[in-house]
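# Coordinates in review
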Amino acid sequence: MSSDFDTSQVNTWCPGCLNNVVLRSVKKTLTALAESGVNKRNLVAVADIGCAGKFYDYLNVNGFYALHGRALPTAFGIKMANPELKVLAFLGDGGAYAEGLNHLVHLARLNPDLTALVLNNRIFALTIGQVTPVTEKGYRGSTTPEGSVDSPYNPLSVALSAQASFIARVSPLDPASMEAVITKAINHKGFSLVEVIQPCITFRLSDLQRLKEKCYSVAGHQEGDYLKAREVIESWNYENGRIPLGIFYRVNRPTWEERHQVRNWFRLKRRIDKSALKKEWR
Amino acid sequence: MRKSVLICGQAGQGINFTATLLGRVLSSAGYYVFIYRDYGSLIRGGHNFNIVTFSDSPVHSHDNKFEAVIDLDQKAAQHRSNLVKGALVLNKEKASQENWPEDILESKYQVNNFLLGFLVGGWGLPRKLLIQSTKRELKEWTQAVKAMNWGYEQASPREELPVRSVAGHYFLTGTNGVSSGAIASGLDVYLSYPMTPATGVLVELARQAKTRKILVAQLEDEVSVINSALGASYGGAMTMVGTSGGGFALMTEAISLAGMAEIPLVIYLSQRTGPSTGVPTYTAQGDLTFARFAGHGEFPRVVVAPGNPQEAIDRTMEAFYLAYRYRLPAIILSDKHLSESYYTFDNLSYPRIRPDRFVVNRPGRDYQSYALTANGISPRAVPGQATWVRANSYEHDQLGFTTEEASMIQKMNEKRLRKEKALGQMVQKWQPVRSWGRGRNLIIGWGSTQGAIRDSLSELPGYRFLQVSYLAPFPRDEVQQAIKRAEKVILVENNATGLLGQLIAMETGHLIKDKILKFDGRPFAADELVDRIKKIS
């Protein structure tokens with residue numbers, strides 16, 4: 001199926017990589033957005049580094065291929081320049097939960113109007129198989145040959161504590177639900193965090209079966225209830241147990257751009273009165 | 001005539017306020033003023049001081065010989081060896097001798113105002129200058145003016161200082177200059193994380209944000225600051241960030257990103273004593289090499305080093321112009337001494353550089369974010385225009401898509417580096433070096449040492465001063481010729497190893513043997529420089 005958002009770049013993800021499913025869903029979502037009247041020239045994809053970063057090359061929109069861990073501040077800056085832009089950031093669990101966790105916390109707190117898709121396969125894949133902060137204890141990676149002795153933390157719980165206004169988890173094994181949630185995330189006014197939990201078919205193939213068995217949808221969950229959100233988010237600790245999918249938390253708060261009265265600076269015609277500037281120092 | 005007043009006390013006693021007010025009074029009376037601030041990294045207590053040096057001819061630095069002292073913590077004795085004979089010391093001891101009213105001397109802040117009134121009254125300067133300046137500095141000025149009047153009336157004539165007729169002196173710091181230059185350049189977004197001595201620009205721009213319609217934000221760290229700034233610049237805003245050495249170190253990965261993705265950005269770097277945490281509130285010129293070479297990989301950049309607030313305005317406007325026209329990072333290298341000292345000018349000028357985002361009006365369907373051009377500059381577009389705009393930290397092709405292909409990697413490197421040639425020609429018209437005085441012997445320096453060096457020239461016949469204002473692109477020919485023509489060459493720097501000397505050696509092959517270096521956190525004073533230069537001669 002071809003799309004307006006296709007590029008002619010050669011796809012270098014592993015054959016069968018589920019990122020392709022996510023890419024297809026994002027293109028469908030963007031197509032629907034464009035059809036609903038969103039100016040597609042206002043779409044910006046910001047990419048982190050790693051397999052998730054390659055979305056930059058495969059999506060035909062405005063793009064910024066940022067530094068590792070820094071996709072979120074880069075995306076935030078784009079909103080500071082022009083709040084009319086729709087910004088979608090693509091990160092992996094390395095960029096969002098390891099190198100750039102700091103920024104995730106602050107964006108959750110500050111609530112700029114943008115969407116972060118975190119493609120979480122619980123592995124550093126592009127550097128050939130090392131543990132991340134959300135890899136389960138005991139995992140044997142190239143830097144943990146005896147098995148990791150450290151436990152993961154729960155980044156969605158951290159985001160909730162930091163007052164993120166939209167928190168969700170989806171899986172490419174259920175593309176229809178994934179598309180619906182991503183669309184809601186993009187339309188959410190404020191910072192939306194969507195974790196895409198997925199198997200890495202090269203380094204963690206057994207996750208494919210595990211995710212099929214363990215994931216379940218939280219249909220009927222009350223999205224505006226903070227305590228319920230905490231309960232469902234903390235019901236999975238990134239190790240054992242069933243994995244909830246769906247929108248866990250959604251509330252409306254004023255965005256950073258609203259609070260700071262950000263405008264489209266590029267369209268602002270400035271008249272600079274140098275003699276007034278000079279007068280300041282008399 | 002050239003005099004200095006020492007104002008000393010604990011942090012929190014208002015000595016900066018009193019010194020600034022005295023500076024303002026003298027400046028409005030037609031005198032040239034320079035104020036040096038010396039303080040520790042604490043909020044209350046300690047022993048801080050300001051030196052207010054003034055004269056009826058231009059002053060560019062402070063002296064360490066004081067004619068009068070406003071001594072708020074009875075510690076003037078520490079400075080005894082720097083008092084001229086018969087210096088006037090105003091403190092509690094003096095107050096009890098003079099039977100000044102006790103209540104005012106016990107009142108925090110009003111004692112400053114009383115003593116200031118006394119000092120100014122003794123010079124016979126018009127009271128109205130004092131009151132006008134106070135009203136300018138304070139919203140609630142009634143009590144202060146009362147105390148000043150009181151002090152003024154107690155003073156017996158000491159020495160008559162005439163009011164000089166001048167068109168009007170401008171009185172500002174390097175911080176003010178950089179802030180004002182940025183606003184004059186069309187600044188839209190300023191991002192920073194507080195760090196001495198760069199915080200001043202954040203505070204000054206926050207003060208002016210509402211009236212000038214600029215977005216000023218303090219973010220969680222310098223990494224976020226510069227990456228957000230690059231996002232904002234890509235998004236179409238005229239953007240600047242500010243920091244000191246440690247924060248700049250955190251920014252270096254993204255400086256390389258600005259070079260690679262060719263995103264314009266102005267970076268204000270105000271140096272303090274290093275390495276590491278160093279001495280936060282003291283000065284140094286230790287980051288020249290770091291600023292000049294910061295970032296992995298090879299890419300062109302601009303590094304300008306203003307020497308006074310007028311140059312801070314000039315060089316900031318040039319930095320904006322060059323960053324946006326050539327799509328690269330431009331660093332304004334200041335230091336604590338320039339950022340926080342006050343200077344006076346007969347007149348101020350803003351260079352005739354028109355603010356320009358250098359964005360193409362109507363990018364066509366064939367627009368390429370990284371078009372290969374003869375001068376290396378690819379036309380700039382911003383998202384929201386009728387095209388796709390890409391910025392890539394990865395090596396890329398002309399459209400901005402990622403590439404690992406050998407010939408494209410080479411072409412893009414060449415394209416970026418080609419900008420250096422046009423850049424070098426461009427800055428020729430902006431005096432990349434400045435020369436002061438005449439003589440066969442040459443003093444070479446850069447940045448905030450300008451003031452002390454200029455003030456020392458009158459005592460150093462046969463010397464001229466060459467100030468290097470562009471560290472990148474480096475004015476190789478100008479520096480080379482000046483050194484060749486000179487009989488004796490002396491390098492003056494506020495650092496331990498002579499970093500400009502090293503850069504000159506790299507760029508021209510000349511090794512400067514005679515160096516006058518100072519690296520105790522304190523700036524040079526002119527008399528000290530004269531002594532040290534005469535020792536070499």
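These lines cover the structure that appears in this document, whether it is placed above or below.

Residues and elements named next belong to chain B. Between Gly274 and Pro275 the backbone carries a cis peptide bond, its omega angle lying at -5 degrees. Mapped onto the elements of the fold, Pro275 is located in the loop between β10 (265–271) and α11 (288–293). A cis geometry characterises the amide bond from Ala472 onward to Pro473, with omega recorded as -5 degrees. Looking at the element boundaries, Pro473 is found in the loop between β18 (470–472) and α16 (476–485). Positive phi, close to 60 degrees, is recorded for Asn99, a residue that is not glycine. Tracing the sequence through the fold places Asn99 in the loop between α2 (92–98) and α3 (102–106). Note on Asn99: relative accessible area 67%, which makes it exposed. The phi torsion at Gln431 lies on the positive side, around 50 degrees, for a residue other than glycine. Inspection of the secondary structure assignment puts Gln431 in the loop between α14 (406–427) and β15 (433–436).

The next thing to look at is the packing of helix α12 (residues 309–326) of chain B against α14 of chain B. Residue and element names in this part refer to chain B. The N-to-C vectors of α12 and α14 enclose an angle of 150 degrees; their axes lie 11 Å apart at closest approach. When the interaxial angle is binned, α12 and α14 end up roughly antiparallel. Once α12 is placed against α14, the crossing between them reads as right-handed. Along its contact with α12, which presents Tyr321, Leu322, Arg325 and Tyr326, the element α14 presents Lys419, Ala422, Leu423, Met426 and Val427.

Moving on: the pattern of salt bridges. Residues and elements named next belong to chain A. For the structure shown, the criterion picks out 39 salt bridges over all chains. Two residues, Lys40 and Asp4, come together in a salt bridge whose shortest N-O distance is 3.6 Å. In this pair, Lys40 is assigned in the loop between α1 (19–35) and β1 (43–47) and Asp4 in the segment before α1, connecting sequence segments 36 residues apart. Of the residues examined, Lys40 reaches a relative accessible area of 27% and is grouped as partly exposed. Relative accessible area serves as the criterion here: at 55%, Asp4 is assigned to the exposed category. For Arg122, the salt bridge is made with Asp207, and the minimal N-O distance between the two is 3.6 Å. Of this pair, Arg122 sits in the loop between β4 (115–120) and α6 (155–161) while Asp207 sits in helix α8 (residues 206–214), and the two are 85 residues apart along the sequence. Judged on exposure class, the residue Arg122 and its partner Asp207 are both buried.

Residue-level contacts link 48 residues of chain A with 70 residues of chain B. Counting each side, the surface lost to burial between chain A and chain B is near 5,000 Å², with a carbon and sulfur contribution of 57%. Counting the surface chain A buries against chain B, the share from its top three residues, Arg41, Trp281 and Arg282 of chain A, is 17%. The tally of links between chain A and chain B comes to 3 salt bridges. Across the pair Arg212 of chain B and Glu280 of chain A runs a salt bridge whose closest N-O atoms are separated by 2.9 Å. For the pair chain A and chain B, the interface holds 30 residue pairs in polar contact (both at pLDDT 80 or more). If you list the elements that add at least two residues to the side of chain A that touches chain B, you get β1, α2 (55–58), β2 (62–65), α3 (71–81), α5 (101–110) and α11 (274–279) of chain A. Looking at the side of chain A that touches chain B, its residues break down into 25 nonpolar, 13 polar and 10 charged. Two elements, β2 of chain A and strand β14 (residues 390–392) of chain B, share 3 bridges in a ladder whose sense is parallel. Paired with Phe64 of chain A across the bridge in β14 of chain B is Ala391 of chain B.

Moving on: the side chain of Arg301 of chain B. Residue and element names in this part refer to chain B. Checked against the element boundaries, Arg301 lands in the loop between α11 and β11 (302–304). Despite being buried, Arg301 has no salt bridge partner; Glu420 is the closest side chain of opposite charge, sitting 7.1 Å away. For Arg301, the side chain forms a polar contact with the main-chain oxygen of Ala291, separated by 3.0 Å. Among the polar contacts listed, one links the side chain of Arg301 to the backbone oxygen of Ala294, at a separation of 2.8 Å.

So, on to the sheet that holds strand β7 (residues 189–192) of chain B. Residue and element names in this part refer to chain B. What the 7 strands build is an open sheet, ordered β8-β7-β9-β10-β12-β11-β18; its pairing is mixed. Each edge of the sheet is formed by a strand with only one pairing partner; in this case those strands are β8 (215–218) and β18. Each adjacent strand pair in this sheet contributes to an overall mean axis angle of 20 degrees, direction not counted. Here β10 runs beside strand β12 (residues 329–335); their pairing, made up of 7 bridges, is parallel. The residue bridging Gln271 from the neighbouring strand is Asp335, located in β12.

So, on to the sheet that holds β15 of chain B. As a general point, the strands of a sheet are linked pairwise by backbone hydrogen bonds and lie either parallel or antiparallel. All names here are of chain B. Strand order in the open sheet made by the 5 strands is β15-β17-β16-β19-β20, with mixed pairing throughout. Each having just a single partner strand, β15 and β20 (514–517) make up the two edges of the open sheet. Strand-to-strand twist in this sheet, taken as the mean axis angle between neighbours without regard to direction, amounts to 25 degrees. Pairing of β15 with strand β17 (residues 463–468), which is carried by 4 bridges, proceeds in the antiparallel orientation. If you follow Trp436 over to β17, its bridge partner there is Phe465.

About the criteria used
- Residues numbered from 1 in each chain as written.
- Chains lettered and ligands numbered in written order.
- Predicted model: local features only at pLDDT ≥ 70, side-chain atom pairs only at ≥ 80, totals over all residues.
- Heavy atoms only, no water.
- Helix = DSSP H or I, 4+ residues; strand = E, 2+ residues; numbered from the N terminus.
- Buried < 20%, exposed > 50% of the residue type's maximum accessible area, 1.4 Å probe, protein only.
- Axes fitted to C-alpha atoms, helices over the stretch in contact; angles between N-to-C directions.
- Parallel < 35°, antiparallel > 145°, perpendicular 65-115°, else oblique.
- Left-handed = near helix turned anticlockwise from the far one by under 90°.
- Contact = heavy atoms within 4.5 Å.
- Salt bridge = Lys/Arg side-chain N within 4 Å of Asp/Glu carboxyl O.
- Buried area = accessible area lost by both parts, 1.4 Å probe.
- Polar contact = N/O pair within 3.5 Å; in protein donor to acceptor, adjacent residues only side chain to side chain.
- Nonpolar A, V, L, I, M, F, W, Y, C, P; charged D, E, K, R; others polar.
- Pairing = 2+ DSSP bridges.
- Lys, Arg positive; Asp, Glu negative; His and termini not counted.

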